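A closer look at the structure
So the chains spell out like this:
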Amino acid sequence: GNSVTQMEGPVTLSEEAFLTINCTYTATGYPSLFWYVQYPGEGLQLLLKATKADDKGSNKGFEATYRKETTSFHLEKGSVQVSDSAVYFCALRGHNAGNMLTFGGGTRLMVKP
Amino acid sequence: GAVVSQHPSWVICKSGTSVKIECRSLDFQATTMFWYRQFPKQSLMLMATSNEGSKATYEQGVEKDKFLINHASLTLSTLTVTSAHPEDSSFYICSARDLGDGFQYFGAGTRLSVL
């Protein structure tokens, strides 16, 4: 079945540091890949997505590139801010019945001033 | 953008009572909605998939008589936690799949505290 593995947190960074959150996946065929962000006490917001190999999703300074050869979709940001502190979930949507999202375990990011 | 409204955002109830949570897609139609449960510092656990006009499909281990789901229209699904107990306290999140672009959009979540 489909699965998503992402690095365990928490990840603690200083403001303006470079961020990488690793995400790898297992799926048949060509899934769509997503990053969601969850701010404290809130639901999930779609951060960015990529629907085919070599696509780069980007939003709010965050980027992730769909790498089929390494089955990865690592999230990066060049300079994090305190307001980026949240939990980040990597997810995939396969082409199986129901087309449901499969989530990774989430990575908590804490950015200190 | 597609917006999913979830209500209430926070509810406190006494043990033994029932609580209804609403999930509405505000500017799109959704034949499929999903209900998730999230424990503190953990990922989302899919509870059930709700299809408009038909019975919900529950994940293994989720009690269908405990968590009643109704998807009466293309824009509304409800989750009723029946005879709630303290162990049902959790963060419940709904998601709706946009018929137009096929993507899932999430509500803000409902924090349920059962005393």
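Described below are features of the structure shown in this document. Please read all numbers here as calculations on a predicted model, not as lab measurements.

Parameters at a glance
Each residue is numbered by its place in its chain's sequence as written, counting from 1. Each chain gets a letter, beginning with A, and each ligand a number, beginning with 1, in the order they are written. For this predicted model, a pLDDT threshold of at least 70 governs which residues receive local features, and a threshold of 80 or more governs which side-chain atom pairs are given and counted, while totals over whole chains, interfaces and linings are taken from all residues. As a convention, hydrogens and water are excluded, and side-chain values are obtained from all of the structure's heavy atoms. Throughout this description, the term nonpolar core refers to a set of buried Ala, Val, Leu, Ile, Met, Phe, Trp, Tyr and Cys residues connected via side-chain atoms within 4.5 Å. Any residue under 20% of the maximum accessible area for its type is buried, any over 50% is exposed, and the rest in between are partly exposed; the area is computed with a 1.4 Å probe on protein chains only. The secondary structure listing takes helices from DSSP runs of H or I that are at least 4 residues long and strands from runs of E that are at least 2 residues long, numbered from the N terminus. Two residues form a contact once any of their heavy atoms are found within 4.5 Å. We treat two strands as partners when DSSP finds at least two bridges between them. The angle between two axes is taken between their N-to-C directions and runs from 0 to 180 degrees, where each axis is a line fitted to C-alpha atoms and a helix contributes only its stretch in contact.

**Examining the nonpolar core**
Soluble globular proteins tend to bury their nonpolar side chains together. Core analysis: the largest hydrophobic core is formed by 42 residues, its most contacted members being Tyr36 and Phe103 of chain A together with Tyr36 and Phe106 of chain B. Here this core takes 5 residues from strand β9 (residues 90-97) of chain B, the largest share from any one element. With near-sequence residues (within four places) excluded, Tyr36 of chain B lies in contact with Leu101 and Phe103 of chain A together with Leu44, Met45, Leu46, Met47, Phe91, Tyr92, Ile93, Ser95, Gln104 and Phe106 of chain B.

**Some points on the sheet that holds strand β7 (residues 67-73) of chain B**
Strand pairing in a sheet relies on backbone hydrogen bonds. The paired strands run either parallel or antiparallel. Residue and element names in this part refer to chain B. In spatial order, the strands read β1-β3-β8-β7; together these 4 strands make up an open sheet with antiparallel pairing. If you trace the sheet from one side to the other, it starts and ends with β1 (4-7) and β7, each paired once. Each strand of the sheet is rotated relative to its neighbour by a mean of 15°, with strand direction disregarded. As paired elements, β7 and strand β8 (residues 76-81) share 5 bridges and run antiparallel to each other. Considered in β8, the bridge of Phe67 is made with Val81.

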